[in-house]
Amino acid sequence: EYRGGGRKDWFLPSKKELTVMRSVLAARGGGVLSGRYYWSSTEVDGSLSWRIDAESGELFADGKDCTACVRAVRQF
C-alpha cells in the first residue's frame, strides 16, 4: 500500500531481487541499504520468510515476527 512519489506499483522484492540489488550497490561502493537486515517477499512457509544480511549478503529464513527493514521497489 506504499504510495511514494504518488505511485502505487511498489512491491517487496524477492530474495533473488534483494541479492542482485545488494550486489549492484556493493559494486558501486555502497548505496542505499542503510539497515543491516531486509525482508524479502519470498516465504518459506506460513511463519517464515527469507531476509538478507545487507553486509554479508547471506540469506536466511526467520520468523515473520522478527524486526527487519524493508525496501520497497518498482519495476521499470
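Structural notes, computed from the coordinates.

Cut-offs applied
- Residues numbered from 1 in each chain as written.
- Predicted model: local features only at pLDDT ≥ 70, side-chain atom pairs only at ≥ 80, totals over all residues.
- Heavy atoms only, no water.
- Pairing = 2+ DSSP bridges.
- Helix = DSSP H or I, 4+ residues; strand = E, 2+ residues; numbered from the N terminus.
- Disulfide = S-S within 2.5 Å.
- Buried < 20%, exposed > 50% of the residue type's maximum accessible area, 1.4 Å probe, protein only.
- Expected span 1.5 Å × (residues − 1).
- Arc of directions from axis to C-beta.
- Contact = heavy atoms within 4.5 Å.
- Phe/Tyr/Trp six-rings, centres within 6.5 Å; stacked < 30°, edge-to-face > 60°.
- Lys NZ or Arg CZ within 6 Å of the ring centre and 35° of its normal.

A short note on the pairing of strand β1 (residues 37–43)
Phase 1: Taken together, the four bridges between β1 and strand β2 (residues 48–53) define a ladder with antiparallel strand orientation. Paired with E43 across the two strands is S49, which belongs to β2.
Phase 2: Here β1 hands over to β2 after four residues, the two strands then running antiparallel side by side.

Regarding the pairing of strand β3 (residues 59–63)
Phase 1: Sheet analysis places β2 next to β3, joined by five bridges and oriented antiparallel. Residue W50 lies in a different strand from β3, and its bridge partner there is A61.
Phase 2: Once β2 ends, the chain turns through five residues before running back antiparallel as β3, passing G57 with a positive phi of about 85°.

Comments concerning the state of the cysteines
Each disulfide consists of one covalent bond between the sulfur atoms belonging to two cysteines.
Phase 1: Under the defined criterion, the tally for this structure stands at zero disulfides.
Phase 2: Here C66 is not disulfide-linked; the sulfur of C69 is the nearest cysteine sulfur, at 13 Å.
Phase 3: The class for C66 is partly exposed, based on a relative accessible area of 28%.

Side note on helix α1 (residues 15–27)
Phase 1: Between its first and last C-alpha atoms α1 spans 18 Å; for 13 residues at 1.5 Å apiece the expected length is 18 Å, and the two agree.
Phase 2: L18, M21, R22 and L25 are the residues of α1 that are buried. Take α1 and look down its axis: the buried residues cluster within an arc of 95°, on one side only. The outward face of α1, more than 90 degrees from its buried face, is lined by the exposed residues K16 and A27.
Phase 3: Those residues of α1 that are buried lie in contact with β1 and β2.
Phase 4: Trailing α1 by a residue or two, G29 shows a phi angle of about 90°, which is positive.

Observations regarding the packing of aromatic side chains
In this description, an aromatic ring pair is defined by two values, namely the gap between the centres and the angle between the planes.
Phase 1: What the rule picks out here adds up to one aromatic pair.
Phase 2: Over the ring of Y37 we find R51; its NZ or CZ atom is 4.9 Å from the centre of that ring.
Phase 3: Seen from the ring of W10, R74 lies directly overhead, with NZ or CZ sitting 5.9 Å from the centre.

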